[in-house]
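# Analysis of the macromolecular model
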Amino acid sequence: MQHIREHLESFAPLSDDDWYVFKSKLVLQNYPKNGIILKQGTTENYLSFIESGVVRLYIPKIDNDLTFGFVFASSFVSAYDSFLTQSPCNYQIQSITPTKLWRISYADLQTIYKETAIGNEIGRKNAETLFLIKSKRELALLNKSAKERYLELFSERPELIREIPLKYIASYIGITPQALSRIRRQIS
């Protein structure tokens, strides 16, 4: 749990009382490799902190899934649009590796917002971080080549990217697995 506290304190100082309220609401859940964390069509009821593992967000398709996000350890993950609106999700969340999540429910998070001095600030900072990640991805798709997107992804998390199947990486950067193979040959 210390990783979560450190992450939250990167947003704002956290009193011991506020931390006690927050940690009392957390539930530990483990997922195996390729476990479904959230199924398409269900409502996201949790904001989860990844203690260990790699998670992907994707739209399931018959031929090829459309991967649009990867989330790594020491980060929050959620189908945040579904979480905020409490409506069914249009995509799925899957663990790519064995994954350990500390989860807080929507109702418990509302309680934290009301009962702690820092809850609203942490919620706002987390929402801002998620927005910036989304904006960065959209701008990369519009302004960078597939090779540049691959190199950026690889440079950000080289040790973890090796755990992600190439077909997911290709989908994430918006190309076919064959095109990704050509890029990898060019840079090796």
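See the structure shown above.
Below is a summary of the structure that appears in this document. This is a predicted model, so every value here is computed, not measured. (Residues numbered from 1 in each chain as written. Predicted model: local features only at pLDDT ≥ 70, side-chain atom pairs only at ≥ 80, totals over all residues. Heavy atoms only, no water.)

## Side note on the side chain of Thr116
What counts here: Strands here mean DSSP runs of E at least two residues long; helices mean DSSP runs of H or I at least four residues long; both are numbered from the N terminus. Any pair of nitrogen or oxygen atoms within 3.5 Å is treated as a polar contact; in protein, a donor-acceptor pairing is required on top of that, and neighbouring residues in sequence qualify only through side-chain atoms on both sides. Residue contacts are counted whenever heavy atoms from the two residues lie within 4.5 Å of one another.
With respect to the element layout, Thr116 can be found in the loop between α4 (106-115) and α5 (119-143). From its side chain, Thr116 meets the backbone nitrogen of Gly119 in a polar contact 3.0 Å long. Excluding residues within four positions of it along the chain, Thr116 makes contact with Asp18 and Val21.

## Description of the sheet that holds strand β1 (residues 27-31)
In any sheet, the strands associate via hydrogen bonds between backbone groups, in a parallel or an antiparallel arrangement. Going by this rule: Here, strands pair whenever DSSP counts at least two bridges between them.
Pairing in this open sheet of four strands is antiparallel, and the strands run β1-β8-β3-β6 from one edge to the other. One side of each edge strand has no neighbouring strand; the edge strands of this open sheet are β1 and β6 (76-77). Pairing analysis gives six bridges linking strand β3 (residues 46-52) to strand β8 (residues 99-105), with the strands arranged antiparallel. From the neighbouring strand, Ile50 faces β8, where its bridge partner is Leu101.

## Considering empty space enclosed by the protein
Spelled out, the test is: Lining residues are defined by having an atom within 4 Å of a point belonging to a cavity or pocket. Those points lie on a 1 Å grid over the protein atoms alone, cavities being sets where a 1.4 Å probe fits but cannot get out and pockets being open sets with protein on both sides within 12 Å along at least five of seven lines. Grid points are joined across faces, edges and corners, and a volume is the space filled by probe spheres set on the points.
Tallied over the full model, the rule gives one cavity of 30 Å³ or more. The computed volume of the largest cavity comes to approximately 130 Å³. Lining the largest cavity are 16 residues, and of these Leu8, Phe22, Leu109, Gly119 and Ile122 lie nearest its centre. Mapped by element, the contributors of at least two residues to the lining of the largest cavity are α2 (16-24), α4 and α5. Top contributing element to the lining of the largest cavity by residue count: α5, with four residues.

## Some words on the nonpolar core
Inside soluble globular proteins, nonpolar side chains tend to come together where they are buried. Rule in force here: Buried Ala, Val, Leu, Ile, Met, Phe, Trp, Tyr and Cys residues form a nonpolar core when they are joined through side-chain atoms within 4.5 Å. The rule is simple: take the accessible area with a 1.4 Å probe, protein chains only, and divide by the maximum for that residue type; under 20% is buried, over 50% is exposed, in between is partly exposed.
Ile4, Leu8, Phe22, Leu47 and Ile104 are the most contacted members of the largest nonpolar core, which totals 20 residues. Breaking this core down by element, the ones donating at least two residues are α1 (2-9), α2, β3, α3 (80-85), β8 and α4. Ranked by the residues each element gives to this core, the list is headed by α2, at three residues. Those residues in contact with Phe22 that lie beyond four places of it in its chain are Ile4, Leu8, Ile104 and Ile112. Counting 16 residues, the second largest nonpolar core, distinct from the first, contains Val54, Phe70, Ile161 and Ile164.

## As for the pattern of salt bridges
Proximity of charged atoms lets side chains of opposite charge pair with each other. Where we set the bar: We define a salt bridge as a side-chain nitrogen of Lys or Arg found within 4 Å of a carboxyl oxygen belonging to Asp or Glu.
Across all of its chains, the model carries nine salt bridges by this definition. One salt bridge in this structure joins Glu44 and Arg103, with 3.9 Å as the shortest N-O distance. One end of the pair, Glu44, is in the loop between β2 (36-38) and β3; the other, Arg103, is in strand β8, and 59 residues separate them in sequence. Here Glu156 makes a salt bridge to Lys136, at a shortest N to O gap of 2.5 Å. With Glu156 in helix α6 (residues 146-156) and Lys136 in helix α5, this residue pair connects regions lying 20 residues apart in the sequence. For Glu156, a relative accessible area of 40% corresponds to the partly exposed category. The network of salt bridges with shared partners includes Arg5, Glu9 and Asp16.

## A look at the sheet that holds strand β7 (residues 92-95)
Heads up, the condition is: For every element, the axis is a line fit to its C-alpha atoms; helices are fit only across the contacting stretch, and the angle between N-to-C directions ranges from 0 to 180 degrees.
Taking strand neighbours across the sheet as the criterion, the four strands line up as β2-β7-β4-β5 in an open arrangement whose pairing is antiparallel. A strand with exactly one partner marks an edge of an open sheet, and here the two such strands are β2 and β5 (66-72). Each adjacent strand pair in this sheet contributes to an overall mean axis angle of 30°, direction not counted.

## Description of the layout of surface pockets
Rolled over the atoms, a probe with the dimensions of a water molecule shows which regions are left empty. So the rule is basically this: Only Asp, Glu, Lys and Arg are considered charged in this grouping, and only Ala, Val, Leu, Ile, Met, Phe, Trp, Tyr, Cys and Pro are considered nonpolar; every other residue, Gly among them, is considered polar.
As a volume, the largest pocket reaches approximately 1100 Å³. For the largest pocket, the lining is made up of 36 residues, of which Gly69, Phe70, Leu130, Ile133 and Lys134 are closest to its centre. Only β5, β6, α3, α5, α6 and α8 (166-173) provide two or more residues apiece to the lining of the largest pocket. Counting residues per element, the lining of the largest pocket draws most heavily on α5, which supplies 13 residues. When grouped by side-chain class, the residues that make up the lining of the largest pocket number 20 nonpolar, seven polar and nine charged. Of the volumes computed, that of the second largest pocket is approximately 180 Å³. Lining the second largest pocket we find Arg56, Asn64, Asp65, Leu66, Thr67, Lys167, Tyr168, Ala170, Ser171, Ile175, Thr176 and Pro177. Of all elements in the fold, only β5 and α8 reach the threshold of two or more residues within the lining of the second largest pocket.

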